[in-house]
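# A structural walkthrough
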Amino acid sequence: LLAIALVLGIVGIVVGALYAGFLGYLVGTMFLGRRLFGDKVAHRPLLAIGAGVLLIAVLKGAAEVIGALSFFAFHPVGMAFGFAAWLLTFIVASAGLGSMVNARFGKGTGGGYSFSAGMGNQWGKTPPPPPPPAPPAHSGPAVTPPPDGSSDAP
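Residues numbered from 1 in each chain as written. Predicted model: local features only at pLDDT ≥ 70, side-chain atom pairs only at ≥ 80, totals over all residues. Heavy atoms only, no water.

Looking now at the overall build of the protein. Counting its secondary structure elements, the protein contains three helices and zero strands. Ordered by position from N to C terminus, the α and β elements of the protein give α-α-α. The buried share of the protein, reckoned over its 154 residues, is 18%. Within the protein, contacts between residues separated by at least 24 positions form 52% of all contacts whose residues are at least 6 apart in sequence. (Helix = DSSP H or I, 4+ residues; strand = E, 2+ residues; numbered from the N terminus. Buried < 20%, exposed > 50% of the residue type's maximum accessible area, 1.4 Å probe, protein only. Contact = heavy atoms within 4.5 Å.)

Below, the structure written as structure tokens:
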């Protein structure tokens, strides 16, 4: 019975790690899509995810085509594209997973970045700075200096 529980626990850990990696990949590709298209996909997370996945797929497809059509001259270029696609996938997935962990265990509002779809300007343009504070209102009548420049008031 203990062996069955151990096996189920290991299976659960593996499935959880795969699930976390997949969600990290989705969050990372959403980041990549928002970096590519900015305000066009700011409030459309599925379109941003699709754009990020498409970029990685195009890079991998270019590696396959260059590797298949070339003999010895461009084969290293195809290998470089394939390595770049793999590296971009790893970076995007780990950055997305880090974003999710930071959103979950961040320090309250403003302490961490949220990966929710409603945060349109998080990865696009930065919001404008707040306006400067209004000057304090004076109490009493406004005093104008005398025309001769003296500071002595009657």
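Once that is clear, we can look at the packing of aromatic side chains. Counting across every chain of the model gives two aromatic pairs. Between Trp86 and Phe90, the aromatic rings sit 6.0 Å apart at their centres with planes inclined by 10 degrees, giving stacked as the arrangement. Here Trp86 and its partner Phe90 are both found in helix α3 (residues 75–105), four residues apart, which amounts to about one turn of the helix. One exposure class covers both Trp86 and Phe90, and it is exposed. (Phe/Tyr/Trp six-rings, centres within 6.5 Å; stacked < 30°, edge-to-face > 60°.)

Moving on to the confidence of the model for the protein. Per-residue pLDDT for the protein averages 76, and the proportion of residues at 70 or more is 73%. The lowest-confidence element of the protein is α3, averaging 81 in pLDDT; the highest-confidence one is helix α1 (residues 2–37), averaging 88. Confidence over residues 117–124 falls short of pLDDT 50; this stretch has 20 contacts with residues more than four positions distant or in other chains. (pLDDT = per-residue confidence, 0-100.)

Here we take up the environment of Thr29. Relative to the assigned elements, Thr29 resides in helix α1. Take Thr29: its relative accessible area is 0%, and that puts it in the buried class. Linking Thr29 and Gly52, residues 23 residues apart in sequence, is a C-alpha distance of 4.4 Å. Excluding residues within four positions of it along the chain, Thr29 makes contact with Ala48, Ile49, Gly52, Val53, Ile56 and Val92. At 2.9 Å, the side chain of Thr29 forms a polar contact with the backbone oxygen of Leu26. (Polar contact = N/O pair within 3.5 Å; in protein donor to acceptor, adjacent residues only side chain to side chain.)

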